[in-house]
Amino acid sequence: MEWVLAEALLSQSRDPRVLLGALCRGEASAERVETLCFLLQRLEDEEARGGGRGAGALPEAAREVAAGYLVPLLRGLPGRPAGGSDPGPPARHRRRVLRAAGAALRSCARLAGGSQLAAALAVEALRDLLAGGPAPGAEAAVEVLAAVGPCLRPREDGPLLERVAQAALALALAADGDGGEAGPAEDAAALAAGRLLPALGQCGGAALRAVWDGLGAAGAPPGPGRVGPQLLVLSALAERLLPEPGADRDPRTREEGPDARRCWRFWRTVQAGLAQAQDALTRKRARYLLQRAVEVSAELGARCACGPQEGNGPSLFWWSEKKKDELLKFWENYILIMETLEGNQIHVIKPVLPKLNSLFEYAVSEENGNWLFHPSWHMCIYKRMFESENKILTKEGVLHFLELYETKVLPFSPEFSEFLIGPLMDALSESSLYSRSPGQLIGSGSPLGLKLQKFLVTYISLLPEEIKSSFLLKCIQKMSSRHWCAIPILFLSKALANVPRCKALGIEALLALRDVLQCTMITHQILLRGAAQCYLLQTAMNLVDVEKVSLSDISTFLMCLRQEESLGRGTSLWTELCDWLRVNENCFRRASDCSCVGLPETSSLNAYVKNLVQEYMKSPALERENCFMPDWFEAKLVAMMVLLAVDVEGMKSQYSEKRRTQNVLRIFLDPLLESLMKLGTNAYMPLLKTDRCLQLLVKLLHTCMLKGSSTQDDEVFTLLQNFVMSTAESISEFILRRLTMNELSSVSDLDRCHLYLTVLTELINLHLKVGWKRGNPIWRVISPLKNASIRHLQEMDHGKEPTLGTQVQRVISMAALATVCEATDRTPELQLGSLEAGPTERFLSALPLHHTLQKPHAEEESSLCEESSSSQGWGKIVAQYIHDQWVCLSFLLKKYHTLIPTSEGEVLEPILPAVQMPVRTLQAALEALTVLPSDQVLPVFHCMKILVPKLLTSSESLCVESFDMAWKIISALSNTQLIFWSNLKAFVQFVFDTKVLTTAAKIKGQAYFKIKEIMYKIIEMSAIKTGVFNTLISYCCKSWIVSASDVSQVSLSTAKNYSELVLEACIFGTVFRRDQRLIQDVQTYIENLGHDCAANTVIENTKREDHYVRICAVKFLCLLDGSNMSHKLFVEDLAIKLLDKDELVSKSRTRYYVNSQQHRVKNRIWQALLVIFPRFDQNFLNRIIDKIFHAGFINNQASIKYFIEWIIILILHKFPQFLPKFWDCFSYGEENLKTSICTFLSVLSHLDIITQNVPEKKPILKQAFIIVLQWCFSHNFSIRLYALVALKKIWSMCKTWHVEEFDALTSVIESSLSQVENMPGAGNAKKNWQRIQEHFFFETFHPLKDYCLETIFYILPRLSGLVEDEWIAIDKFTRFTDIPLDSGFQWYLSPTQLCERKPGDWAQQDIGSNSGEADDQSEWTDVQKKIIPWKNNVPDLDLELVFQDRVAKLGKSISRLIVVASLIDKPTNLGGLCRTCEVFGASALTVGSLQCTRDKQFQCLSVSAEQWLPLVEVRPPQLIDFLQQKKAEGYTVIGVEQTARSVDLTQYSFPERSLLLLGNEREGIPANLIQQLDVCVEIPQQGIIRSLNVHVSGALLIWEYTRQQLLKHGDTES
């Protein structure tokens, strides 16, 4: 067409200059410039053929056009705005002008003759480019240089070409390589790489060398952000940078061009593109370069090698004609894998992974075991998988990598080790990778975690000794370089802990391990945190070279462990640490200042510990009284090391004299004991020394407590106890003096007060353990302490302003009184008098609860130390004072609870006001709750527990207010706070106290409904705070059933009013998010390790899992006695509520699918009904039997059907009187039974159990036989199968009981059953018959023998396909000891073989039955490969090319088919059509609005096809004009519609220019548009449905068009 236009113009005038001049005048439209370009090309063609017009004047005219029109035009073009992702019509017009002007300029340069014009234009354009002007100017300059560059002479213009090449390379490399939105600068860079550099490459010589040298001078391989521009340049010049076939035979050609294959930097850039590039286009360019290099090498056949930068190790790339087949196979598989990974679809990628194994086989030499290919190529594949957005693919990649050493031993490579430390550990930080595999039991461990352990152990064992140390150090430093989540750090630590012992780590690694320990502390999961600490300590013991570290380093490291979470004395870890210290105690790097004098043997450990204690006990050189207390760190360290050393000594003297341990402990503690003995008499002992002594004493006692075993048999604890008891008198006198003699007067002294009271409490506990004796030192101190404290509190300042000293003394006195009250409450021996109220009680009862502690004025003489300490805040001190007041009051109320009246007016002159005026006290408690912080409210809750039951009847509103206030405090707390659980427990104990519940239920007032409201709020809170409901249900059930011995006598009349609580407990359990479920899985795994993990011994199992809520409820129900009327009424009420709940869930509109929340709730309902079924009598069943049978008619999941069938069987077995009602169930119409008849037929398959207690069985057999026989003829195959199973059972019973009425049918029935059994062939019918007979419910399950908790809660859920979260193992019932075992514990376990059956429902067993066969193949013979259309030329160099140029660059054919979808509404249909059109190469897709491309549903279906396909917006009202325009352009307008004159698709031949009009989803093509059609095509149909989906219809026609065009082109080519 363009050629015809040029000919027509030339025919109008014989002088081309006139035409050129005319075209250069007027507006510079795209059409005008394109016409000028066509004319110049036509003139150039004539000039080449020697028939040029105006030969003399043409060069001059060309120069005028170039200099006078084209260059100014290019310079004057406006640029598009930066950041505009969609160029829009103006920008597209500008691009057309730019492209046409550049092509015209090239023709001008050629027509001008010689290279002078080209050189001049190039110099001018280069000046503009280097001037760094606006981006549009740079773009125009690049276009000029690309046009005239090929016209320059390589030799004469060599320097100019070199400068142009350098400028073009700098511009191309300056582009943003992050794949972000393109701007004007990026446009210029893309043009430089896509047009200018290839054009210069054709010139060869200086230009190509300049580009290659510039790329080589870029330094190290580019990072992820800069690799894109370099690959853009390399792919643009690929044909020039890689040798052409035959070049090696021509030495001159070989010298001119570089060979990129021999350059290590080229391959590193390609690898960076393959592995690090964020955008698909850059990765595509890298694959193209690799593929092109392989093809060139194969064609050349010459030997080629490129070693790594370091010079050692395998080549980055090499070629040998002898190994051609193996090399081609290797690279073919490699490129296939990289292409497949672009899809991010695991079902496509997984079959390709076996080819990755073959890559390793090719890569390692069988002869010497060395790498043949550089391992970095394999690492690129894994890095792509690790960084995939699809986490399933990431997990698959990590698992595949960790399995490498299971089947092969790979040679050592530094790159491999770096990859482990870098990308692999980055990938391992993702918690979701550690989830269980489908079907794997909860608590069985993460497959990835176990493989990681095996891999790391194997890999480190194979490392050379000189490498091992640095690798482990880097690995640990990597663990400390980021904040890891609990699960990854746990499994990494466990893997390191299992590495075989070796001396690989020094002090630097020990410090790094300490940093990792600190990283573990930020996680909220205490058990996982503790387990990780255990494994990190084991890592240190296994891998540290003790000769490189000192005992001081070790002790500092041990201090990073939390003893309450991991390193507890008496655990297996403590024993292991002691043994390690024993073995290595003489090997540690010695400290120069250790003394061994006085020790029985020279021992570095004993010397270190003795010196440690001596240094600790030294008084500080400079001391300031009344200053801060020392930090507890040193005391904790010294105590731990002392006990470790003593236990090590105990190990050594295990079979020798026992006095050795005593002697060593005595030597260690002599300085401490000596100081403690002087405390009571030496009033001048430095204050800080006394603090340190008492701190060490407390830490010794706390650390010495054995975890997980009794302390009575612990020799060390007994010795320590005796030593401390010998100093008790001195310590108690010191404490009494300090607390009562006004020696504590500053804010910092409050911490000392807490220390003294802690020591006093410990001494009381020690005396209780050895046996309390009146007159002991503590006894002698308690009374004076109490009296002095009361005296201090009674002293009034008589109007004086309170000083800091007096107020501090008051706080200390109140704290001392609180400690005495707590100790007296725990220790009856400390009761100092009778129950009559004495002075102490009267004083405590009269405490002014409404008054707070007044803040003193700042004293001028306050020291700097005092000022800084006061920054703690007076509010905290006041809170502690109020807290201690309520501790005392709680003791008082508990002691005199019998004196509390039920109303305020009963006592006129109260002796104990706080006790005898309970309303006032409760009001004060409410005020205290508004003041106290949440960590100080426990004593107030304890007081409320005593007061509320007394006042609920007379002061209900006040009690309800107390409920509300307490609940606000609880609901505001986070369950990760340590105080949350103690506060919640205290709250539950006072709100749900049995007396409170009973009273509230009687009066049915506000309190009753408030308690119910709080109950449901607690259940709601449990969904986000696991374990909250556990606290409530456990307390209530325990309070309703006091003990197992008198359960039958307990009345549950109160519980009946709150049966909703047990109902909710029976069905409780949330569907957790994946991350929550993963944490629970891993915690269960750690718990299952038992004592092998010390964290399990140290950390108490709180049983806060959701399962324990149901376990508690079930164990409570199991204890109920059906003969007790209150128990019976409670069970019946609960059963009715359960059935109502089932009906409510069945009617819910919430989506109901397998393992959904609705499925799980219904499942739990029927489990609970099965548990309480033995308590049902006939009268009660009469009330609920219809509901149970009705449940059988509802369409339920398989597990629920089994439970319903089971309970029906049990009912009919126990009460055959209900058989008539059961037969009635078969009399409904078939429509009502089609989904549920199988339930009742399954019941009949257990007719032998049902009739077990029936003396006259024949009538029942007759009825069952008649019913089943009719269902054997159902048109539904499944129903027939169930009926045949039942028939087989009933017929065998008929023969056993000789039912004569059916003798005539014997031959028919038996031949029918025989035919079913011996069904010919191997079709689905025979398989399904075999499977249903082998199904557990018919073959193994026994409704009576299997009636046990294990079957109900574990076996049946497992066999019926319920998710593992719903399986409750029977050992959890036995571990939960809050509720005692019932007398029939033996029925917990299943006695039959049912527990050995494998899961699988018969109707689903054939699905995927052969799925495992293909996975076992070592390598798939064929795999999916998504089409990536490219040729061997440069892929997509210019991001802003018009679509025709873009697809041509991709090697993608473009048809002349236009698909018009403007009438389609749904984004899903439009997205699918867009994808179909792109795949089959349609020229354009027309839509009603381009906004649809932003729709998520569109994008989901189109999978980015809109980026590769021209989309045109034509709104429905504009369609007629659009169709008429296309008709004028020669298109045939084809409608996809069924009309009177429509043509069958199979009979229609599509023209090349076809326009396909698709109709609306509902209305099709409107009548007015049908008139515009040239033809209507319809798709032939064989079925009943009237029409196809519009996308499907369009896809069928698009494919038929494509098929016909392919056939036509095939015929033309042949």
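Residues numbered from 1 in each chain as written. Predicted model: local features only at pLDDT ≥ 70, side-chain atom pairs only at ≥ 80, totals over all residues. Heavy atoms only, no water.

Q: Quick question: what am I supposed to make of the overall build of the protein chain here?
A: Within the protein chain, the regular secondary structure consists of 76 helices and 9 strands. Burial analysis of the protein chain (1614 residues in total) assigns 56% to the buried set. The contacts of the protein chain with a sequence gap of at least 6 include a subset with a gap of at least 24, amounting to 77%. By element, 52% of the accessible surface of the protein chain is carried by carbon and sulfur atoms, the whole surface being about 70100 Å². (Helix = DSSP H or I, 4+ residues; strand = E, 2+ residues; numbered from the N terminus. Buried < 20%, exposed > 50% of the residue type's maximum accessible area, 1.4 Å probe, protein only. Contact = heavy atoms within 4.5 Å. Areas by Shrake-Rupley, 256 points an atom, 1.4 Å probe, with all protein chains shown as cover.)

Q: Just checking my understanding: could you explain the packing of helix H43 (residues 918-931) against helix H45 (residues 956-971) for this structure?
A: To characterise two packed helices, one gives the angle between the axes of the helices and the distance between these axes. Two numbers describe how H43 lies on H45: the axes approach to 10 Å, and their chain directions differ by 20°. Between H43 and H45, the angle falls in the class roughly parallel. Two packed elements cross with a definite hand, and for H43 against H45 that hand is left-handed. Judged by residue contacts, Val919, Leu922, Gln923, Leu926, Leu929 and Thr930 of H43 engage Leu958, Cys959, Glu961, Ser962, Met965, Ala966 and Ile969 from H45. Across the contact of H43 with H45, the residue classes tally to 9 nonpolar, 3 polar and 1 charged. (Axes fitted to C-alpha atoms, helices over the stretch in contact; angles between N-to-C directions. Parallel < 35°, antiparallel > 145°, perpendicular 65-115°, else oblique. Left-handed = near helix turned anticlockwise from the far one by under 90°. Nonpolar A, V, L, I, M, F, W, Y, C, P; charged D, E, K, R; others polar.)

Q: Would you mind going over the pattern of salt bridges with me for this structure?
A: Opposite charge on two side chains allows them to pair when their charged atoms are near. On inspection of all chains with the given rule, the structure shows 58 salt bridges. A salt bridge links Glu585 to Lys652; the nearest nitrogen and oxygen atoms lie 2.9 Å apart. Here Glu585, found in the loop between helix H29 (572-584) and helix H30 (604-617), pairs with Lys652, found in helix H31 (residues 633-652); they are 67 residues apart in sequence, far enough to count as distant. Overall, the relative accessible area of 6% leaves Glu585 in the buried class. (Salt bridge = Lys/Arg side-chain N within 4 Å of Asp/Glu carboxyl O.)

Q: Would you explain a nonpolar patch on the surface in this entry?
A: Together, Leu1588, Val1592 and Leu1596 give the surface a local cluster of nonpolar side chains, amounting to about 220 Å² of exposed area. By secondary structure assignment, the location of Val1592 is in helix H76 (residues 1590-1613). (Patch = residues over 30% accessible without salt bridge, like charges linked within 9 Å, V, L, I, M, F, W, Y side chains within 5 Å.)

Q: Would you mind showing me how to read the environment of Ile1279 here?
A: Tracing the chain through its elements places Ile1279 in helix H64 (residues 1277-1297). In this structure Ile1279 comes out as buried when scored by relative accessible area, which is 2%.

Q: Which parts of the structure should I look at to understand the pairing of strand S6 (residues 1532-1536)?
A: Every other side chain in a regular strand lies on the same face of the sheet, so the side chains alternate between the two faces. With 5 of its 5 residues buried, S6 lies for the most part within the structure. Residues Thr1532, Ile1534 and Val1536 line one face of S6 and the alternating positions Val1533 and Gly1535 line the opposite face, and both faces are buried. Looking at chain direction, S6 and strand S9 (residues 1575-1578) are connected through 3 bridges and run parallel. Counted as the bridge partner of Ile1534 is Val1575 from S9. (Pairing = 2+ DSSP bridges.)

Q: Just to check I follow, could you spell out the packing of aromatic side chains for this structure?
A: Centre distance and the angle of the planes are the two values used to describe a pair of aromatic rings. Applying the stated rule across the entire model yields 66 aromatic pairs. Judged by centre distance (5.4 Å) and plane angle (20°), the ring pair of Phe401 and Phe416 falls under stacked. With Phe401 in helix H20 (residues 391-402) and Phe416 in helix H22 (residues 414-428), this pair connects stretches of sequence that are 15 residues apart. Take Phe401: its relative accessible area is 0%, and that puts it in the buried class. On the basis of relative accessible area, Phe416 is assigned to the buried category, the value being 1%. By the ring-pair criterion, three or more aromatic residues cluster together here, those being Phe360, Trp371, Tyr382, Phe386, Phe401, Tyr405, Phe416, Phe419, Phe455, Tyr459 and Phe471. Positioned over the ring face of Trp1508 is Lys284, at 5.8 Å from the centre of the ring. The ring of Tyr616 has Arg692 sitting right over it, with the charged end atom 4.3 Å from the ring centre. (Phe/Tyr/Trp six-rings, centres within 6.5 Å; stacked < 30°, edge-to-face > 60°. Lys NZ or Arg CZ within 6 Å of the ring centre and 35° of its normal.)

Q: Is there a simple way to explain the sheet that holds strand S3 (residues 1457-1460) in this structure?
A: In a beta sheet, neighbouring strands are held together by backbone hydrogen bonds and run either parallel or antiparallel to one another. The 7 strands are arranged S5-S4-S3-S8-S6-S9-S7 in an open sheet whose pairing can be described as parallel. Each of the sheet's edge strands pairs with one partner strand only, and the pair in question is strand S5 (1511-1513) and strand S7 (1543-1544). The sheet contact formed by S6 and strand S8 (residues 1554-1557) spans 4 bridges and is parallel. Each residue of the ladder has a partner; that of Thr1532, found in S8, is Ser1554. Sheet strands touched by helix H72 (residues 1467-1479): S3, strand S4 (1484-1487) and S5. Its angle to S4, the strand with the most contacts, is close to 165°. Strand contacts of helix H74 (residues 1519-1528): S3, S4, S6 and S8, with the helix running at about 160° to S8, the strand carrying the most contacts.

Q: Sorry if this is basic, but what is going on with the side chain of Thr1084 here?
A: Along the chain, the position of Thr1084 falls in helix H52 (residues 1074-1088). Of note is the side chain of Thr1084, whose polar atom sits 2.8 Å from the backbone oxygen of Gln1080. If sequence neighbours within four positions are ignored, Thr1084 has contacts with Ile442, Gly443 and Glu1105. (Polar contact = N/O pair within 3.5 Å; in protein donor to acceptor, adjacent residues only side chain to side chain.)

Q: Just to check I follow, could you spell out the side chain of Ser1360 for this structure?
A: Considering the arrangement of structural elements, one finds Ser1360 in the loop between helix H68 (1349-1359) and helix H69 (1370-1375). Classification of Ser1360 by relative accessible area gives buried; the value is 14%. Polar contacts involving the side chain of Ser1360 include one to the main-chain carbonyl oxygen of Pro1357, which spans 3.4 Å. With near-sequence residues (within four places) excluded, Ser1360 lies in contact with Ala1198, Ser1199 and Tyr1202.

Q: Sorry, what's going on with helix H15 (residues 280-300) here?
A: Three or four residues apart is the spacing at which side chains of an α-helix point the same way, because the helix has 3.6 residues per turn. Given a rise of 1.5 Å per residue, 21 residues ought to cover 30 Å, and the 30 Å separating the end C-alpha atoms of H15 matches this to within 8%. Counting buried positions along H15 yields 18 of 21 residues, so the element is predominantly enclosed. Note on H15: the residue one or two positions beyond its end, Gly301, has a positive phi of about 75°. (Expected span 1.5 Å × (residues − 1).)

Q: For this particular structure, what's the right way to read the confidence of the model for the protein chain?
A: Low pLDDT marks stretches whose predicted atomic positions should not be read closely. Mean pLDDT over the protein chain: 80, with 83% of residues reaching 70 or higher. Below a pLDDT of 50 lies the segment residues 81-88, which in the model reaches 9 contacts outside its immediate sequence neighbourhood of four places, other chains included. Throughout residues 594-602 the model reports pLDDT below 50, and contacts reaching past four residues in sequence, or to other chains, amount to 16 contacts. (pLDDT = per-residue confidence, 0-100.)

Q: So what exactly am I meant to see when it comes to the packing of helix H25 (residues 486-497) against helix H27 (residues 526-543) here?
A: In the contact formed by H25 and H27, the axes pass within 8 Å of each other and the chain directions differ by 25°. With respect to each other, H25 and H27 are oriented roughly parallel. The element H25 and its partner H27 pack so that their crossing is left-handed. Of the residues in H27, those touching H25 at Ala486, Ile487, Ile489, Leu490, Ser493, Lys494, Leu496 and Ala497 are Leu528, Ala531, Ala532, Tyr535, Leu536, Gln538, Thr539, Asn542 and Leu543. Per-class residue counts for the contact of H25 with H27 are 12 nonpolar, 4 polar and 1 charged.

Q: Would you take a moment to explain the state of the cysteines for this structure?
A: Counting across every chain of the model gives 0 disulfides. Left unpaired, Cys1474 is separated from the closest cysteine sulfur, that of Cys1477, by 7.0 Å. (Disulfide = S-S within 2.5 Å.)

Q: When you look at the environment of Lys786 in this model, what are you seeing that I'm missing?
A: Tracing the sequence through the fold places Lys786 in helix H37 (residues 777-794). Exposure remark for Lys786: the relative accessible area of 13% places this residue in the buried category. Remark: the alpha-carbon pair of Lys786 and Ala818, spanning 32 residues in sequence, is separated by 9.6 Å.

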